[in-house]
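Here is what each chain is made of, one letter per residue.
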Amino acid sequence: MSSRTEVELRASWSPEDPDVSAHLQAWAAFAAEACGLGPAGVSALPLRLEEME
């Protein structure tokens, strides 16, 4: 039994404006979420009560 997982993401777009910073920020946010990262400034809750002590 293999524990390997693969994910492939593809994107294609033709920006109409030379300033693509908003597009890059959105892509970075999407990629972070796809990798399991939470939003900036949000802390993960402990999984078990013992971890809180």
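The structure under discussion appears in the preceding block.
Before going into details, it helps to say that this report is about the structure given with it.

Rules behind the numbers
Residues numbered from 1 in each chain as written. Predicted model: local features only at pLDDT ≥ 70, side-chain atom pairs only at ≥ 80, totals over all residues. Heavy atoms only, no water. Phe/Tyr/Trp six-rings, centres within 6.5 Å; stacked < 30°, edge-to-face > 60°. Helix = DSSP H or I, 4+ residues; strand = E, 2+ residues; numbered from the N terminus. Buried < 20%, exposed > 50% of the residue type's maximum accessible area, 1.4 Å probe, protein only. Salt bridge = Lys/Arg side-chain N within 4 Å of Asp/Glu carboxyl O.

## A closer look at the packing of aromatic side chains
- Summed over the entire model, instances satisfying the criterion amount to one aromatic pair.
- On the numbers, 5.5 Å between centres and 40 degrees between planes, the contact of W27 with F30 is tilted. Here F30 and W27 lie together in helix α1 (residues 21–34), a separation of three residues that amounts to about one turn.
- Assessed through its relative accessible area of 39%, W27 is described here as partly exposed.
- Looking at F30, the relative accessible area reads 41%, which means it is partly exposed.

## So, the pattern of salt bridges
- Taken as a whole and judged by the stated rule, the model has two salt bridges.
- The closest approach of N and O atoms between R4 and E6, which form a salt bridge, is 2.6 Å. Grouping residues by exposure puts R4 and E6 together as exposed.
- Ionic pairing is found between R10 and E8, a salt bridge with its closest N-O pair at 2.4 Å.
- Relative accessible area serves as the criterion here: at 72%, R10 is assigned to the exposed category.
- A relative accessible area of 56% means that E8 is categorised as exposed.

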